[in-house]
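# A closer look at the structure
Here is how the chains run, residue by residue.
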Amino acid sequence: DAMVIQNPRYQVTQFGKPVTLSCSQTLNHNVMYWYQQKSSQAPKLLFHYYDKDFNNEADTPDNFQSRRPNTSFCFLDIRSPGLGDAAMYLCATSRGGVSRASYEQYFGPGTRLTVT
Amino acid sequence: AQSVTQLDSQVPVFEEAPVELRCNYSSSVSVYLFWYVQYPNQGLQLLLKYLSGSTLVKGINGFEAEFNKSQTSFHLRKPSVHISDTAEYFCAVTLGSSYKLIFGSGTRLLVRP
């Protein structure tokens, strides 16, 4: 089945120690998104890639970066994690094009990040 | 500013009872409307979406929703819930030609035996 895969499912890192979360997709979608979801809250969009074009949300901290080396893979780098960065990180994909607003987003299972 | 409001943070209901989860939006432009479900420690899964046409939309797992333009609402309903429907439900919209999903704050559906 076509899907969105996130590894690892659970990640523990130390305060200030860089960490990378990964996402891959077999849907061949143009758009890949990264969301941060804290407990009992809605997902918050951090940034997205439309093909190779990177689009950062205005309120995403500089501590968060992303890479998309090819269509299938996208990475979330947290350069210096703080305790406030502990959250579920969700990757999603969608088709692009002029009707992109009507296309659903397909979510991965998420990576739960703990910062000690 | 455009927004999505889910009035109920939690809805407890007994198994086999009907349920309605409410969603209202505010927007001055055309919208596409979505309901997503999130089970514990999982990603979000699309239940249904409204793009155009018939205002009653049927989705997976027996859920349906009705788009009401005059009331700017998109309430989710199920005639008979199961224990397995216990989850967080998010209403979301995209506006005009934007890709960006605007989420409501979520409603936790708690189904009791």
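Scroll up for the structure.
Residues numbered from 1 in each chain as written. Chains lettered and ligands numbered in written order. Predicted model: local features only at pLDDT ≥ 70, side-chain atom pairs only at ≥ 80, totals over all residues. Heavy atoms only, no water.

Scanning all chains against the criterion turns up two disulfides over all chains. The disulfide that involves A:Cys23 links it to A:Cys91, with 2.0 Å between the sulfurs. Across the S-S bond linking A:Cys23 and A:Cys91, the dihedral sits near -70°, which makes this disulfide left-handed. Placement of the pair is A:Cys23 in strand E3 (residues 19-25) and A:Cys91 in strand E9 (residues 87-94), with a sequence separation of 68 residues. Comparing A:Cys23 with A:Cys91 shows no difference in burial state: the two are buried. Across the disulfide from B:Cys23 sits B:Cys91; the S-S distance is 2.0 Å. In this structure, the disulfide formed by B:Cys23 and B:Cys91 twists by about -65° around the S-S bond and is classed as left-handed. Of the two residues, B:Cys23 is situated in the loop between strand E3 (19-21) and strand E4 (24-26) and B:Cys91 in strand E10 (residues 87-95); the sequence distance between them amounts to 68 residues. (Disulfide = S-S within 2.5 Å. Helix = DSSP H or I, 4+ residues; strand = E, 2+ residues; numbered from the N terminus. Buried < 20%, exposed > 50% of the residue type's maximum accessible area, 1.4 Å probe, protein only.)

With that settled, consider the interface of chain B and chain A. Across the contact, 22 residues belong to chain B and 23 residues belong to chain A. Counting the surface lost from both chain B and chain A, the interface buries some 1800 Å², and carbon and sulfur atoms represent 55% of this. Counting the surface chain B buries against chain A, the share from its top three residues, B:Asn41, B:Leu44 and B:Tyr99, is 35%. Put simply, chain B and chain A have one salt bridge between them. We note a salt bridge from A:Glu57 to B:Lys100, for which the minimum N-O separation is 2.5 Å. Summed over the shared surface of chain B and chain A, the result is six residue pairs in polar contact (both at pLDDT 80 or more). Here the side of chain B that touches chain A takes four residues from strand E5 (residues 31-38) of chain B, the largest share from any one element. Considered class by class, the residues forming the side of chain B that touches chain A number 10 nonpolar, 10 polar and two charged. (Contact = heavy atoms within 4.5 Å. Buried area = accessible area lost by both parts, 1.4 Å probe. Salt bridge = Lys/Arg side-chain N within 4 Å of Asp/Glu carboxyl O. Polar contact = N/O pair within 3.5 Å; in protein donor to acceptor, adjacent residues only side chain to side chain. Nonpolar A, V, L, I, M, F, W, Y, C, P; charged D, E, K, R; others polar.)

This paragraph deals with the packing of aromatic side chains. Applying the stated rule across the entire model yields 14 aromatic pairs over all chains. On the numbers, 5.6 Å between centres and 80° between planes, the contact of A:Phe107 with B:Tyr36 is edge-to-face. In this pair, A:Phe107 sits in strand E10 (residues 106-107) while B:Tyr36 sits in strand E5, so the two residues belong to two different chains. Here the two residues A:Phe107 and B:Tyr36 agree in accessibility, since each one is buried. Through a chain of ring-to-ring contacts, three or more aromatic side chains come together here, namely A:Tyr33, A:Tyr35, A:Phe107, B:Phe34, B:Tyr36, B:Phe90 and B:Phe103. (Phe/Tyr/Trp six-rings, centres within 6.5 Å; stacked < 30°, edge-to-face > 60°.)

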